[in-house]
Amino acid sequence: MTELRTRRLVLHLLTPDEAHCLIDGVRATTDRWAPDHPGPLDLRGATAFLDACAAGHDPRPFGTFEIRRAEDGRAIGGLGFHGPPGEDGAVTVGYGLVPSARGAGYATESLRALLEFAWSRGVTRARADTGVDNLASQRVLAAVGMRCVAENRVLRWYELPAPDNGPASTPVPVPGGGSA
């Protein structure tokens, strides 16, 4: 499995070589990037993926995906897992789009596809966090069904149980000492 497809997008699972190219800003001859790609979150995701691989823990298929528009193949962002499922079967997800691709519903569409992939692999719960001032990201998380379970002055934490996995959990402890 190297790609997930939606109506308008191709989510391409990065290889280590592709992650190196992304970080180095070197496109392969077949790569097409939006003018403002890669963004800071793309670079952070590629770096975390390579760090895991270097430590002998290649997370694929729970790795980093490049978001590409199906119509023109241009890379417009990234999303993925912060690692494989934990002992409780849960994953943490993250995503980001370059500014030129925002506002078209791509983040919601790609996150829905990523969650469907996770559920098909036996994941029991998905988690995410976003800044309290990042209203666009909060709308994306709500649109895919995630619920805010905790927050502090800086972050909001979201969760979504897998379908047929019972009701949503009670709020999780807030990292850094706050409470919901």
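Calculation criteria
- Residues numbered from 1 in each chain as written.
- Predicted model: local features only at pLDDT ≥ 70, side-chain atom pairs only at ≥ 80, totals over all residues.
- Heavy atoms only, no water.
- Phe/Tyr/Trp six-rings, centres within 6.5 Å; stacked < 30°, edge-to-face > 60°.
- Helix = DSSP H or I, 4+ residues; strand = E, 2+ residues; numbered from the N terminus.
- Buried < 20%, exposed > 50% of the residue type's maximum accessible area, 1.4 Å probe, protein only.
- Lys, Arg positive; Asp, Glu negative; His and termini not counted.
- Salt bridge = Lys/Arg side-chain N within 4 Å of Asp/Glu carboxyl O.
- Polar contact = N/O pair within 3.5 Å; in protein donor to acceptor, adjacent residues only side chain to side chain.
- Expected span 1.5 Å × (residues − 1).
- Arc of directions from axis to C-beta.
- Contact = heavy atoms within 4.5 Å.

Colleague: Can you explain the packing of aromatic side chains? Please cite residues and give values.
Modeller: Throughout the structure, instances matching the rule amount to 4 aromatic pairs. Judged by centre distance (5.9 Å) and plane angle (55 degrees), the ring pair of Phe62 and Phe117 falls under tilted. Here Phe117 lies in helix α3 (residues 106-120) and Phe62 lies in the loop between α2 (40-54) and β3 (64-69), a separation of 55 residues in the sequence. Its relative accessible area of 6% is what places Phe117 among the buried residues. Here Phe65 and Phe117 contribute two aromatic rings whose centre-to-centre distance is 6.2 Å and whose plane-to-plane angle is 70 degrees, an arrangement assigned as edge-to-face.

Colleague: Now, about the side chain of Asp42: what can you tell me, with residues and values included?
Modeller: Tracing the chain through its elements places Asp42 in helix α2. Although Asp42 is buried, it makes no salt bridge; Arg102 carries the closest opposite charge, 8.0 Å away. In terms of polar contacts, Asp42 uses its side chain to reach the backbone amide nitrogen of Gly39, at 2.7 Å.

Colleague: If you had to explain α2 to someone new, which residues and values would you point to?
Modeller: For an α-helix the count is 3.6 residues per turn, leaving residues at separations of three or four pointing the same way. Between its terminal C-alpha atoms α2 stretches 21 Å, which fits the 21 Å expected from 15 residues at 1.5 Å a residue. Among the residues making up α2, those that are buried are Asp42, Ala46, Phe49 and Leu50. Looking straight down α2, one finds its buried side chains confined to an arc of 95 degrees; they lie on one side. Exposed side chains of α2 directed beyond 90 degrees from the buried face belong to Pro40, Arg44 and Asp51. On its buried face, α2 sits against α1 (16-24), β3, β4 (75-81) and β5 (90-97). Just downstream of α2, Gly56 is the residue with a positive phi angle, here 85 degrees.

All we've got here are geometric facts, nothing functional implied.
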